[in-house]
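An overview of the molecular structure
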Amino acid sequence: MSTEITTATNSAITLSEDDLMNVLESSLYPGAARDSIKMVIGYCKAAGLDPMQKPVHIVPMWDSKAKRMRDVIMPGVGLYRTQASRAGCIGVSEPEFGPEIKESVGGVEITYPKWCRVTAKRRLPSGEIAEFTAKEFWLENYATAGKDSMAPNAMWKRRVYAQLAKCAEAQALRKAFPEVGSMPTADEMEGKTIDMGAADVVHQQPATGRPALPASYPEDAFKVNLPKWREAIAANKVTAERVIALAGSKGQLTDEQQAAIRAPIEAAPAQQQPDADGVIDQPTMTYAQVATRLHAAQTMDQLADVGSCISLVQDAAHRQELADIYDQRAAQLEG
């Protein structure tokens, strides 16, 4: 059986399937299983893509339902750029980074940008230029070194700016060009452990010797770990959803366990004293407390309730960042 490929130069090359497999296996996807490379070819055929441009990547993911690793085909940020360009993208801004933060993340001392902002520009049918901006936070995007570690992996330690810039650009392109797709790119997911749930068109990897996971997360271990997780969430080192994803990769969390992780972290009672006029100051909340609640909101009503707390944060810059998070969560819940 032969396969015809239309290359980036619009010239047609006819190869047998075996020849195409050999080319991809030896050059673009070395070490990948042949069945996974067949998935790449199938994906490219269905989408009208040239596999020799490597528009997609093979990403191993842990399927928590099947309790095994699976290879998943995911687009690269380069594919998003190409498709956006064809759909009317007239440019993407240089990434703008927030202040540098130096702290210990999972026991590793690292300096990283707090956030990255990228704007994609699209020419509308009316001729107007519309701008779509995405702001992504490093702590919400970085990949951990392993299931039992909160430390960043080697790539996110070495390329703290470049990795976050890719995530922000991909998000901006998705906002500007929804027809590009809603699937995260391989660049965003590289090195991350994902709870896939029920998987559809994916392929099983050869056995890796990984021990089978327990059907549910052990309750005794949960009781020990919950205070540590809550402390990390309160310190804005990790979100509740990220904790759930990481813990869920070790065992299925019950609804009650997930609710305990997402539960709002209350502010310590403030010792409020009236001023000379007998007026008591309004209560305050920390950035971490409000951000955690924003990310935990599951409905627009819940989000609106948390949004009213943004004004209780004292720092003006933090209030603006929380407002940006609110807008992002509102777009996700409404979409």
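Please refer to the structure placed before this passage.
So, a few notes on the structure that sits alongside this text. Keep in mind it's a predicted model, so treat the numbers as computed, not measured.

Criteria and cut-off values
- Residues numbered from 1 in each chain as written.
- Predicted model: local features only at pLDDT ≥ 70, side-chain atom pairs only at ≥ 80, totals over all residues.
- Heavy atoms only, no water.
- Buried < 20%, exposed > 50% of the residue type's maximum accessible area, 1.4 Å probe, protein only.
- Helix = DSSP H or I, 4+ residues; strand = E, 2+ residues; numbered from the N terminus.
- Contact = heavy atoms within 4.5 Å.
- Core = buried A, V, L, I, M, F, W, Y, C linked by side-chain atoms within 4.5 Å.
- Axes fitted to C-alpha atoms, helices over the stretch in contact; angles between N-to-C directions.
- Parallel < 35°, antiparallel > 145°, perpendicular 65-115°, else oblique.
- Nonpolar A, V, L, I, M, F, W, Y, C, P; charged D, E, K, R; others polar.
- Expected span 1.5 Å × (residues − 1).
- Phe/Tyr/Trp six-rings, centres within 6.5 Å; stacked < 30°, edge-to-face > 60°.
- Lys NZ or Arg CZ within 6 Å of the ring centre and 35° of its normal.

As for helix H9 (residues 240-248)
The buried count for H9 comes to 7 of 9 residues, which makes it a mostly enclosed element. Turning to H9, its buried residues are Ala240, Arg242, Val243, Ile244, Leu246, Ala247 and Gly248. Its buried side turned inward, H9 meets helix H4 (138-141), helix H8 (219-234) and helix H10 (255-262).

Examining the nonpolar core
Grouped together as the largest cluster of nonpolar side chains are 27 residues, with contacts concentrated most on Tyr112, Trp138, Trp156, Leu173 and Phe177. The element contributing the most residues to this core is helix H6 (residues 160-176), with 9 residues. Setting aside residues no more than four positions away along its own chain, phenylalanine 177 makes contact with Ala84, Ala87, Gly88, Cys89, Lys121 and Arg122.

Observations concerning the packing of helix H11 (residues 287-296) against helix H13 (residues 316-334)
Contact geometry of H11 with H13 gives a least axis separation of 10 Å together with a crossing angle of 5°. Here H13 runs roughly parallel to H11, going by the angle between their axes. Contact residues: Tyr287, Val290, Ala291, Leu294 and His295 in H11; His318, Glu321, Leu322, Ile325, Tyr326 and Arg329 in H13. Class assignment of the residues belonging to the contact of H11 with H13 gives a composition of 7 nonpolar, 2 polar and 2 charged.

Focus: helix H2 (residues 34-47)
For H2, which comprises 14 residues, the first-to-last C-alpha distance of 20 Å matches the rise-based estimate of 20 Å (1.5 Å per residue) to within 8%. Within the sequence span of H2, burial applies to Ser36, Ile37, Met39, Val40, Ile41 and Cys44. Glycine 48 sits one or two positions beyond H2 and adopts a positive phi of about 70°.

Re the packing of aromatic side chains
The description of an aromatic ring pair uses the distance of the two centres, along with the angle that the planes make with each other. Taken as a whole and assessed by the stated rule, the structure comprises 7 aromatic pairs. Relative to tryptophan 138, the ring of tyrosine 112 has its centre 4.3 Å away and its plane inclined at 15°; by these criteria the two rings are stacked. A residue pair is termed long-range when its members are at least 10 positions apart, and tyrosine 112 in strand E8 (residues 108-113) and tryptophan 138 in helix H4 qualify at 26 residues. Look at tyrosine 112 and you get buried, because its relative accessible area is 3%. Tryptophan 138 sits in the buried class, given a relative accessible area of 0%. An aromatic cluster is built from Tyr112, Trp138, Tyr142 and Trp156, whose rings are joined through pairwise contacts. Above the face of the tyrosine 29 ring, lysine 54 is positioned so that its terminal group lies 5.2 Å from the ring centre.

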